[in-house]
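These are the residues of each chain, in order.
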Amino acid sequence: MTVRGRMMWWAGLLLAAMPLRAEPAFYADLAIGLGVQTIDSDTGGEDEDRAALTDVLKAGGGVQLTSFFSVGAALWMYGQGASGDDDVAQFDGVSAGVEATAYLPLNYLFGSAEGPVVGPYVRYAHHCWAATVVGITRPWDDDGCSPLVAAGFSFKAQRRASLYAEYSRTEFDEITSGSIVAGLKTRF
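Figured I'd write up the structure that's included with this text. The structure presented is a predicted model; accordingly, all values stated were derived computationally and were not measured.

Once that is clear, we can look at the overall build of the chain. Helix and strand counts for the chain come out as two helices and eight strands. Starting at the N terminus and ending at the C terminus, the chain contains elements arranged as α-β-β-β-β-α-β-β-β-β. Considering only residue pairs separated by 6 or more positions, the chain has 60% of its internal contacts joining residues 24 or more positions apart.

As for its position among the elements, Arg159 is in the loop between strand 6 (140-156) and strand 7 (161-172). Arg159 sits in the exposed class, given a relative accessible area of 60%. Once the C-alpha coordinates of Arg159 and Thr186 are considered, the two residues, 27 residues apart in sequence, prove to be 9.2 Å apart.

Using the criterion set out here, one finds one disulfide in the structure. For Cys128, the disulfide goes to Cys145, at an S-S distance of 2.0 Å. Because the sign of the S-S torsion sets the handedness, a value of about 100 degrees for the bond joining Cys128 and Cys145 places this disulfide among the right-handed ones. Remark: Cys145 occurs in strand 6 and Cys128 occurs in strand 5 (residues 119-134); sequence separation between them is 17 residues.

Residues Trp76, Tyr78, Phe91, Val133, Trp140, Phe172 and Ile175 are the most contacted members of the largest nonpolar core, which totals 24 residues. When contributions to this core are tallied by element, the ones reaching two or more residues are strand 1 (25-39), strand 2 (51-66), strand 3 (69-79), strand 4 (90-103), strand 5, strand 6, strand 7 and strand 8 (175-187). Setting aside residues no more than four positions away along its own chain, Ile175 makes contact with Gln37, Thr38, Ile39, Phe91, Val133, Trp140 and Thr170.

Nonpolar side chains collect at one region of the surface, where Leu30, Ile32, Leu57, Leu75, Met77 and Val94 lie side by side and expose about 480 Å² of accessible area between them. For Leu57, the position within the fold is in strand 2. The class of Leu57 is partly exposed, set by a relative accessible area of 32%.

Glancing now at the sheet that holds strand 7. Taken in spatial order, the eight strands of this closed barrel run 1-2-3-4-5-6-7-8, and their pairing is antiparallel. Averaged over neighbouring strand pairs, the angle between their axes works out to 20 degrees when direction is ignored. Two elements, strand 2 and strand 3, share 11 bridges in a ladder whose sense is antiparallel. Each bridged residue has a counterpart across the sheet, and for Ala59 the counterpart in strand 3 is Leu75.

Right, let's talk about empty space enclosed by the protein for a bit. Under the counting rule described, the total for this entry stands at two cavities of 30 Å³ or more. Here the largest cavity is characterised by a volume of approximately 130 Å³. Lining the largest cavity are 14 residues, and of these Gln64, Tyr103, Ser154, Ser162 and Lys185 sit closest to its centre. Counting only elements with at least two residues in the lining of the largest cavity, the list comes to strand 1, strand 5, strand 7 and strand 8. Its residues assigned to classes, the lining of the largest cavity comprises six nonpolar, three polar and five charged. Estimated volume of the second largest cavity: approximately 30 Å³. Those elements giving two or more residues to the lining of the second largest cavity turn out to be strand 3, strand 4 and strand 5. In terms of residue count, strand 4 provides more of the lining of the second largest cavity than any other element does, four residues in total. Counted by class, the lining of the second largest cavity contains five nonpolar, two polar and one charged residues.

Looking at chain direction, strand 3 and strand 4 are connected through 10 bridges and run antiparallel. Looking across to strand 4, one finds that Leu75 is bridged to Ala96.

Cut-offs applied
- Residues numbered from 1 in each chain as written.
- Predicted model: local features only at pLDDT ≥ 70, side-chain atom pairs only at ≥ 80, totals over all residues.
- Heavy atoms only, no water.
- Helix = DSSP H or I, 4+ residues; strand = E, 2+ residues; numbered from the N terminus.
- Contact = heavy atoms within 4.5 Å.
- Buried < 20%, exposed > 50% of the residue type's maximum accessible area, 1.4 Å probe, protein only.
- Disulfide = S-S within 2.5 Å.
- Core = buried A, V, L, I, M, F, W, Y, C linked by side-chain atoms within 4.5 Å.
- Patch = residues over 30% accessible without salt bridge, like charges linked within 9 Å, V, L, I, M, F, W, Y side chains within 5 Å.
- Areas by Shrake-Rupley, 256 points an atom, 1.4 Å probe, with all protein chains shown as cover.
- Salt bridge = Lys/Arg side-chain N within 4 Å of Asp/Glu carboxyl O.
- Pairing = 2+ DSSP bridges.
- Axes fitted to C-alpha atoms, helices over the stretch in contact; angles between N-to-C directions.
- 1 Å grid on protein atoms, 1.4 Å probe; cavity = no way out; pocket = protein on both sides within 12 Å on 5 of 7 lines; lining within 4 Å.
- Points joined across faces, edges and corners; volume = space filled by probe spheres on them.
- Nonpolar A, V, L, I, M, F, W, Y, C, P; charged D, E, K, R; others polar.

Here you go:
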C-alpha cells in the first residue's frame, strides 16, 4: 500500500470512529470582513487602479447534519461607504446561494462532543449575484452565478455558539473576489 493509500485509510478510519450527531442541529450565521475585488485589464482602462476594497457582510443559516458536515444558505453583501472619490474603482454587489461545509471536528476527535464543531473546515457554495463597478473608464454591471470556495477555522465561544475566521474566493465574471471574514455561528 502506498503512503497516500495509508493516509486515506487512516483518515477514513478516523471519520468512521467519530460519533454522528443524534439529530440535526439548526444554526444561524453572521459575519463581517473585508474583500478585495480585482478587475480584469479588459474591463478597466490601462492606467487605472484595478482593485477595489470593500466591506463584506454575510448572513445565513442551515443544518449541521453530522459532526463533520453541514448544508445551508447564505446572503453575501459587498459594498463601500461613500468615499466621494470618483477616480477610484468602487465595487458593490449582492449574492445569494447554497453551501456545503466539511469539517475536521477536533473536539469530537479529542473526546468533547458537547457544543458546536471546533476545527478547520472547507466550504463549497454556488451563488447567484448582481454587481457593479464604477470609478473606471468603462463602468461594469453584470449578474450571473458562480462557485464560491472557502476555508476557515471554527473556535468554541459558548455551549451553543462558535466564532470563526474564514477566507473565501469567487469570480464575478471579469472580477475575482477574495474576502476575509470573522463571524459567529450559533445553534438553536
